[in-house]
Structures are given as C-alpha cells and as structure tokens.
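# Coordinates in review
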Amino acid sequence: MNSVSSSIKWVYYVSQRFNKIDTKGRTAITSKLASIGIAFGVMALIAVMSVMNGFQMEFIDAIMEISSYHVQVDADSDDRLFMESWCRIHPLVRSITPFYEAQGLMVDSYSGMQAASLLRAVPDDVYRTDKGFSKELEMVSGSFDIENDDSIVIGYDLASSLHATVGSSVNLLALSGANEDSLFSQNRKFIVTGIFFANYQDINSAYAFVNLDAAKKNFGSKAKPIFGIKLVDSDKDAAFIAEFAAQFPSAKSESWRMYNRSFFGALRVEKNVLMLLVFLIFVVVGVNIYNSMRRMIYERRQDIAVLSALGATRIELKVIFIIKGFLTGLKGSVVGLVLGIFLSINVEHVFKILSKLQYCLQYVFITLFSSDSLNYLQENPMFSIYAAIPARMKFSEIVLIFTFGILASLFSSMAAERQLQKLTISEVLHDA
C-alpha cells in the first residue's frame, strides 16, 4: 500500500470481494431494490421530460415560426436595405421576413358573423421560402395564395367563427392603423383563398394573412414594416441582438423571450414542478441506499476491524463503501437510461398499449359486475392524444438526469460511511 496505484488496486479488490459476498441477505436485497429504484427514476424522468418537451415545443415552435419569430427588428428607413442584406449573410440567421401587422374586426359578408382578428401582411412567397413557417402552418383547405391584393388566408377557428370557407368574402370592418379617411369601412373586402391550422389555438382563432401590397393599401401611410428574423439556434438570440445593436445602434430589436413572456414562463414553471416531483423518487432511493450502507457497515464491522489491523487507512475503508454506492447508482442509471430512451422513442406504441390494457381491464371488470354496461365501453381517447405527441429528448437533460441518478447513490454512500468513525478496532475485536 505504499504507492497510489497499489492502494487503488487493493481498494478495488476488496470492494469487488464485498460485492461478490453480499449476494444474499437483507443488505443485498436492499441494494438491488435501490438500483431498481434509481433505474425507475431515471427511466421515468427521461420519458416524462421527453413527452413534456414534445408537448410544449408544439406550442413554442408554432409561436416562434408563425407569430413572434426569434428576433423582431424595427429599423429606420435609411438602414432597412443595408440591415436586411447584412442579416441575410449573417451565419446565425436562417431567414428574415418583412411584415406589417394590425388588429381588426372581421365580418362575414353573408352571415354577418363578426370576429376579432390580427391581420399580418407578409411576402406572397413566404410559404414557399420559409420552411419553418410552412411546416408549422398546415393548410386544411385551399392554399396559401396571397398573390392578389384582395386574397386572404385565415385560421381554422377564425373561419369557423365567421362560417367562412374557401371562396367566401370577408370584410375588415374595423382596422387599427387604417388609412386616414376612415377607421371603419365596408370596402375592405377580401376573398378567402385558404384556411390553415397551427398547433397553437390563439393563432388559429385570430390570425389572417395578406400580402405586403394589401398592407400598404389598407394600413395607412404611417405603417412601418417590422422584420422578423429566425436564427439557426433560438438560444443564441442574446448574442445576435448584442452584435446587431453594435452594428445598428438606432434600430430596435427584441427577442422572442419577451413575446408571450407569461406563457413561456408558465410552461417553464410547469416543467420545473413536474421535474421536481419526479426527482422525489431519487430522494426516497437515496434514503434507502443510506440505510442499506449503514447496515452493511455494521454487518462488516469485524472485516473492517481486521482490515484496519492489517494496515488499511480510514480513507481507504471509506473509498471501499463509496465505490459500492457508486456502482449501485451506475447500474441503476445505465438501465434507466436505456429504458428511458426506448420509451421516448416508442412513446406512441406505449400509449396505444396502455390504452388497450386499460380497455381490457375495464372489460373484465364490467363483465363481472355490470355486464349491461358493456355497450357503453370504449377506449379512452386521451391515450390517442398523448400518442400523437412527439417526444423530444434533449441531450443536456438526459445527461443531467443520468448524472443525478449516480450522484444520489454516491452522496448517500458518503453520508453513510461516516459511521466508520464510530468503530474502533479494539472494541470490535473484543466483541468478536
């Protein structure tokens, strides 16, 4: 034990001997249950976070690709052309889109139905050039055709409120920022050329799109274009805004984090609370490992005394039990990692199996106790909704969960090995 390498080899050898001997008994069962608990915690947390990410990103992607963009810029007329060309060649920029925006009251010319709307004027080729926009905005009827000044594309819920279909005529009765002649007008008529559906209900119920020429004609001479910028990585918005501000100090830029801030904050709180609840599994497992290691130290007190008498230091004895706890956490975390990734990849099939399982259990129960109600039995439709949510795994979250599973066991072992300080060689050998 004079050199560090020989000390490490000796500690590892003794630790492996303890693991081989402790295959039966109460301590071994507790250790296996601890590994199973860690595996279950890692698996559950990875699967839950992946489904939660998929659920939340359905909304976030729709908002950023259709509504807020990653960065919005309001520049002076003198800087617009240079700013637009500068953004198009910037390595962080994926696309830049000029748009106008106004709020209004839309009326169906036939039924007289009214609905508040947010009218956005975009380039007529945006659906073809902006891949993110076309991906999140699904056309359910007609096409995204706004080449004509009187063409309009509206959301699914907005169309339902107006009882409008493709080919229907709608009128922008009231429009903020309208021309100087009249705020209210019966002459702002548009033909519905398409109806879209997005994964965010507020967009479906309020948004309508026209081309830029229609905006210049109806929004008034004081209306100014806003540039929506989409980045290659949305998390690099702060770095881009800092660089943009240095290049164009007179322009105003704002990140997507400021738009719908309360909504994004609510999603973040929801995710953090859910993660905290699942993390409680590790707390319970950590307590279990702590008690298991204390029991193991007590049961091995004679072996510990003999090893101390042969020259083993306190640090080496502590490392032996710390390695035991580390291996317990590592085994459980590896198994949980594999199972969690497997569940996340096959989340659709998992929910379908759960739906069938629930249906079979209900069928058996109702057959035994209330057979007359079998005609009303059906599968839970919520499982189909959950199965349609695409799970999204984040590498950073998976690494954090995997590491925490190991650390929960490691810290519990480090807390339990303090009991070694209470053992003295003379007392243990005397009792033996």
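Here goes a summary of the coordinates provided. (Residues numbered from 1 in each chain as written. Predicted model: local features only at pLDDT ≥ 70, side-chain atom pairs only at ≥ 80, totals over all residues. Heavy atoms only, no water.)

Helix and strand counts for the protein chain stand at 16 helices and ten strands. A buried classification covers 46% of the 432 residues belonging to the protein chain. (Helix = DSSP H or I, 4+ residues; strand = E, 2+ residues; numbered from the N terminus. Buried < 20%, exposed > 50% of the residue type's maximum accessible area, 1.4 Å probe, protein only.)

A few words on the layout of surface pockets. Considering only enclosed or pocket space, the largest pocket measures out at about 640 Å³ in volume. Along the wall of the largest pocket there are 26 residues; nearest its centre are Met57, Ile60, Asp235, Trp256 and Lys394. At the level of elements, helix H2 (26-68) and helix H10 (261-299) are the ones that each hand at least two residues to the lining of the largest pocket. Broken down by class, the residue content of the lining of the largest pocket amounts to eight nonpolar, six polar and twelve charged. (1 Å grid on protein atoms, 1.4 Å probe; cavity = no way out; pocket = protein on both sides within 12 Å on 5 of 7 lines; lining within 4 Å. Points joined across faces, edges and corners; volume = space filled by probe spheres on them. Nonpolar A, V, L, I, M, F, W, Y, C, P; charged D, E, K, R; others polar.)

This paragraph deals with the packing of helix H12 (residues 314-345) against helix H15 (residues 395-416). Running from N to C, H12 and H15 point in directions that differ by 155°, and their axes come no closer than 8 Å. In terms of axis orientation, H12 runs roughly antiparallel to H15. Judged by the sense of rotation from one axis to the other, the crossing of H12 with H15 is right-handed. Note on element contacts: H15 touches H12 through Ile398, Phe402, Gly405, Ile406, Ser409, Leu410, Ser413 and Met414, opposite Phe321, Ile322, Gly325, Phe326, Thr328, Gly329, Leu330, Ser333, Val334 and Leu337. Class assignment of the residues belonging to the contact of H12 with H15 gives a composition of eleven nonpolar, seven polar and no charged. (Axes fitted to C-alpha atoms, helices over the stretch in contact; angles between N-to-C directions. Parallel < 35°, antiparallel > 145°, perpendicular 65-115°, else oblique. Left-handed = near helix turned anticlockwise from the far one by under 90°. Contact = heavy atoms within 4.5 Å.)

Even without being glycine, Tyr69 reaches a positive phi, approximately 60°. What makes Tyr69 buried here is its relative accessible area of 1%. The residue His163 is not glycine, and still its phi comes out positive at about 55°. Relative to the assigned elements, His163 resides in the loop between helix H6 (156-162) and strand E6 (169-175).

Our focus in this paragraph is the packing of aromatic side chains. In this structure the tally under the stated criterion is 18 aromatic pairs. On the basis of an interplanar angle of 20° and a centroid distance of 5.4 Å, the ring pair of Tyr69 and Phe99 is categorised as stacked. Highlighted residues: Tyr69 in the loop between H2 and strand E1 (71-74) and Phe99 in strand E2 (residues 93-108), separated in sequence by 30 residues. Ring plane angle 15° and centroid distance 5.2 Å describe the contact between Tyr127 and Phe144, whose orientation is recorded as stacked. Linking Tyr127 in helix H4 (residues 126-129) with Phe144 in the loop between strand E4 (138-142) and strand E5 (151-155), this pair joins segments that are 17 residues apart in sequence. (Phe/Tyr/Trp six-rings, centres within 6.5 Å; stacked < 30°, edge-to-face > 60°.)

What follows concerns the pattern of salt bridges. This model, assessed by the stated rule, comprises twelve salt bridges. In this structure, Arg392 and Glu58 form a salt bridge, with 4.0 Å as the shortest nitrogen-oxygen distance. Here Glu58 lies in helix H2 and Arg392 lies in the loop between helix H14 (381-387) and H15, a separation of 334 residues in the sequence. Relative accessible area serves as the criterion here: at 22%, Glu58 is assigned to the partly exposed category. For Arg94, the salt bridge goes to Glu65, with nearest N and O atoms at 2.9 Å. Highlighted residues: Arg94 in strand E2 and Glu65 in helix H2, separated in sequence by 29 residues. Residue classification places Glu65 among the buried residues on the basis of a relative accessible area of 12%. (Salt bridge = Lys/Arg side-chain N within 4 Å of Asp/Glu carboxyl O.)

The next thing to look at is the side chain of Ser95. Within the element layout of this structure, Ser95 appears in strand E2. The exposure class of Ser95 is buried, given its relative accessible area of 16%. The residues touching Ser95, leaving out its near neighbours within four places in the chain, are Asp130, Gly228, Ile229 and Lys230.

Tracing the chain through its elements places Asp61 in helix H2. Judged by relative accessible area, Asp61 falls into the buried class, the value being 15%. Among all residues touching Asp61, those that are not within four sequence positions of it are Ile66, Glu136 and Arg392.

Take it as geometry only, folks, not as evidence of what the structure does.
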